[in-house]
Amino acid sequence: MSLTPLQSQVCRWHVFPTVAELELAALTAIVEAANQAIAVRGAFHLVLAGGTTPQHIYTALKEVEADWDAWHVYFGDERCLPPEHAERNSRMALDAWLLHVPIPAEQVHPIPAELGGEDAARAYTAVLKGIHEFDLVLLGLGEDGHTASLFPMQAWEHAISWPPVLPVHDAPKPPPDRVSLSPERLSQTRQVLFLVAGAGKARAVRDWREGVAIPASHITAPEGVDVYLDQAASP
Ligand code: 6PG
């Protein structure tokens, strides 16, 4: 059993009848967060989720009229694979969206996971140095309750504090070698939006709602987190 999160997490649960409705709501939330951040601070700092759930949302972002010059895109985690590898989280986001909109290239920050966990974590820590607080962090949820590349029963759970970016080895979800922002760094944000769809996630969601300290429950942003679920993932 993992440690109880350092501080309690405030969760707002939003259940949508279908994945399509979840995706539309998420797209709306992302655009609204961007408009708000750009209006107030002149920039929007967004952390992308990996996996497959966000893919249609990223594709839909390609069609949005936005002030792309003000967008700054980061990744919550990455697999230690070559940049062109089809299983790279950055590859999916670039192909679905980022290569099709005029966000300045220097404002899109893939994690250099091809360097290996330790070197990539060091390099990405430097990238994040100037960003004290993200505006929005998107996260997925694994069937075992993992989020980003923070898996249960792993070394990160036994630390009281973490560096901002962690190397991950022996991940149960292939590939075994990954890089992940820490729970603390993922929590340094104005908003968190979990995107959770499919019956395979229902058990992890049920545990989460019952107070089991799954990895996702360690994301304790000051304003709480919003969890977008489709009906199938909602027990
Ligand atoms: C990864 C992701 C991971 C993902 C969940 C959900 O690199 O695999 O960052 O945390 O978000 O495993 O994945 P699906 O969206 O594919 O179900």
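It should be noted that the structure appears before, not after, this text.
What counts, and at which threshold
All residue numbers refer to position in the chain's written sequence, counted from 1. Since the coordinates come from a predicted model, pLDDT governs what is reported: local features require at least 70, and pairs of side-chain atoms require 80 or more to be given and counted, while whole-chain, interface and lining totals use all residues. Excluding hydrogens and water, the side-chain figures rest on all heavy atoms present in the structure. For helices the rule is a DSSP run of H or I covering at least 4 residues; for strands it is a run of E covering at least 2, with both sets numbered from the N terminus onward. Per-residue accessibility, obtained with a 1.4 Å probe over protein chains only, is compared with the maximum for each type, and a residue is labelled buried under 20%, exposed over 50%, and partly exposed between these values. Throughout this description, a polar contact denotes any pair of N or O atoms lying within 3.5 Å of each other; where both atoms belong to protein, one of them has to be capable of donating a hydrogen while the other can accept it, and for residues adjacent in sequence the pair is counted only when both atoms sit in side chains. By the convention used here, residues are in contact when the closest approach between their heavy atoms is within 4.5 Å. Distances are taken per atom, and a residue is near a molecule or strand as soon as one of its heavy atoms is within 4 Å of it. Only the protein chains shown count as cover for residues, with accessible areas throughout obtained via the Shrake-Rupley method and a probe of 1.4 Å. Residues are grouped as follows: nonpolar covers Ala, Val, Leu, Ile, Met, Phe, Trp, Tyr, Cys and Pro; charged covers Asp, Glu, Lys and Arg; every other residue, Gly included, is treated as polar.

(A) Representation of the side chain of Q107 within the structure. When you line up the elements, Q107 lands in the loop between α3 (89-96) and α4 (117-128). Looking at Q107, the relative accessible area reads 12%, which means it is buried. In this structure the side chain of Q107 is engaged in a polar contact, spanning 2.9 Å, whose partner is the backbone oxygen of D69. Not counting chain neighbours up to four residues away, the residues in contact with Q107 comprise W68, D69, A70, W71, H72 and V73.

(B) A look at the site of the ligand. Lining the immediate environment of the ligand, one finds 15 residues, of which T52, T53, H146, A148 and K201 sit closest. One of the backbone N or O atoms of G50 is found 3.4 Å from an oxygen atom in the ligand. At 2.8 Å, a side-chain N or O of D77 approaches an oxygen atom of the ligand. When the free accessible area of the ligand is taken as 420 Å², the share hidden by the protein chains comes to 92%. When grouped by side-chain class, the residues that make up the shell around the ligand number two nonpolar, eight polar and five charged.

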